[in-house]
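One-letter residues, chain by chain:
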Amino acid sequence: YYKTLKNAFDKINDGTHKGNISITIYGNLTESSTALLNASGTGSASYNNVNIYPVISGVTISGSIDGPLIKLDGADNVTIDGRVNAMGSSTDLIISNTNAGTSSVTVNFENSAQNNTLQYCTVRGGGGSNANGTIVLGTSGININNKVDNCNVTNNGTRRSRCIFSTAGTGLTISNNNLYDNWSNTIECSSVYLGGSVTESSVLNNSIYQT
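What counts as what
Residues numbered from 1 in each chain as written. Predicted model: local features only at pLDDT ≥ 70, side-chain atom pairs only at ≥ 80, totals over all residues. Heavy atoms only, no water. Core = buried A, V, L, I, M, F, W, Y, C linked by side-chain atoms within 4.5 Å. Buried < 20%, exposed > 50% of the residue type's maximum accessible area, 1.4 Å probe, protein only. Helix = DSSP H or I, 4+ residues; strand = E, 2+ residues; numbered from the N terminus. Contact = heavy atoms within 4.5 Å. Pairing = 2+ DSSP bridges. Axes fitted to C-alpha atoms, helices over the stretch in contact; angles between N-to-C directions. Salt bridge = Lys/Arg side-chain N within 4 Å of Asp/Glu carboxyl O.

Q: Give me the lowdown on the nonpolar core, citing residues and values where you can.
A: In this structure, F9 and L118 are the most contacted members of the largest nonpolar core, which totals 42 residues. Of the residues forming this core, the biggest block, 4 residues, is contributed by helix 1 (residues 5-13). Beyond its immediate stretch of four places on either side in the chain, L118 contacts I80, I95, V107, F109, V123, I135, K147, V148, D149 and C151.

Written out as C-alpha cells, the structure reads:
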C-alpha cells in the first residue's frame, strides 16, 4: 500500500517490484512532487509492463507542481486506464495539476518513452506555455507509439493555450478525445500541437470545442 503514485513509482524504480506490475487506485492521491517512472533497465528498475487503474469510481490524482505531475521518463509499456478495474467505457479517473506556472504539465511521456497509453481519464491542467501542454507526448528523444484515447482534456479552472503537445515522436495516436476549453488571448493556441520532429502520427475522431 502506497499513499501516492510517486511512492509506487519509486518502488518500481528501486527494483522492489518487477515483471508485470499493476497499480490499483483505491482513493484520492495527492502528489507533492512529480511521480516519475524510469525506464526498465535504468538503475534497479526491471519490469515488463505497468498497468494503472482505479477500483472505485470518481477518484483523483492531483497536485500543484510547476512541472509534470506524472512523468514517464523513458518508460515503456505503461497504461494509465481511468476505467474501474480497466473494464467498460466509463471515465472514472481524474488527473489534475492545479499549478498555473509556465512549466506545469499534467502527464508527460518523455525521453524515448514507447508503447504507452493514457485512456479513459479526465486530464486537467492550467497555466503552462505554448511550449508545452496539459499532456506532453515528448520534446526530447524518440517517443514511439504512445497513445491518448477516450480522454477528456481540459483546464482546472485556469485556462491554458494547449491541450496536447509534442515536438519529438513517431507513431503517436490522439483519438476519440474531448479537447475543450483551452484558450489564451496572448499566445498561440491549439488543442493539438504536433511539431518539430513528429512523424507518422494520427489525430482522429476528437471533439474540439469551447463550452
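That covers the picture; the talk isn't over yet.
Q: Which residues make up the sheet that holds strand 11 (residues 121-125), and what are the values?
A: Strand order in the open sheet formed by 7 strands is 2-5-8-11-15-19-22, and the pairing between neighbours is parallel. The open sheet is flanked by strand 2 (29-31) and strand 22 (207-209), the only strands paired with a single partner. When the angles between neighbouring strand axes are averaged without regard to direction, this sheet yields 15 degrees. Pairing analysis gives 4 bridges linking strand 11 to strand 15 (residues 152-155), with the strands arranged parallel. Residue pairing across strands places V123 opposite V153, the latter belonging to strand 15.

Q: Which residues make up the pattern of salt bridges, and what are the values?
A: Per the stated rule, a full pass over the model turns up 5 salt bridges. The salt bridge partner of D81 is R83, with a shortest N-O separation of 2.8 Å. Of the two residues examined, D81 and R83, each falls in the buried class. Note that R159 and D181 form a salt bridge whose closest N and O atoms lie 3.8 Å from each other. Taken as a pair, R159 in the loop between strand 15 and strand 16 (162-166) and D181 in the loop between strand 19 (178-180) and strand 20 (190-194) lie far apart in primary sequence, 22 residues in all. Taking the relative accessible area as the measure of exposure, R159 reaches 39% and is therefore partly exposed.

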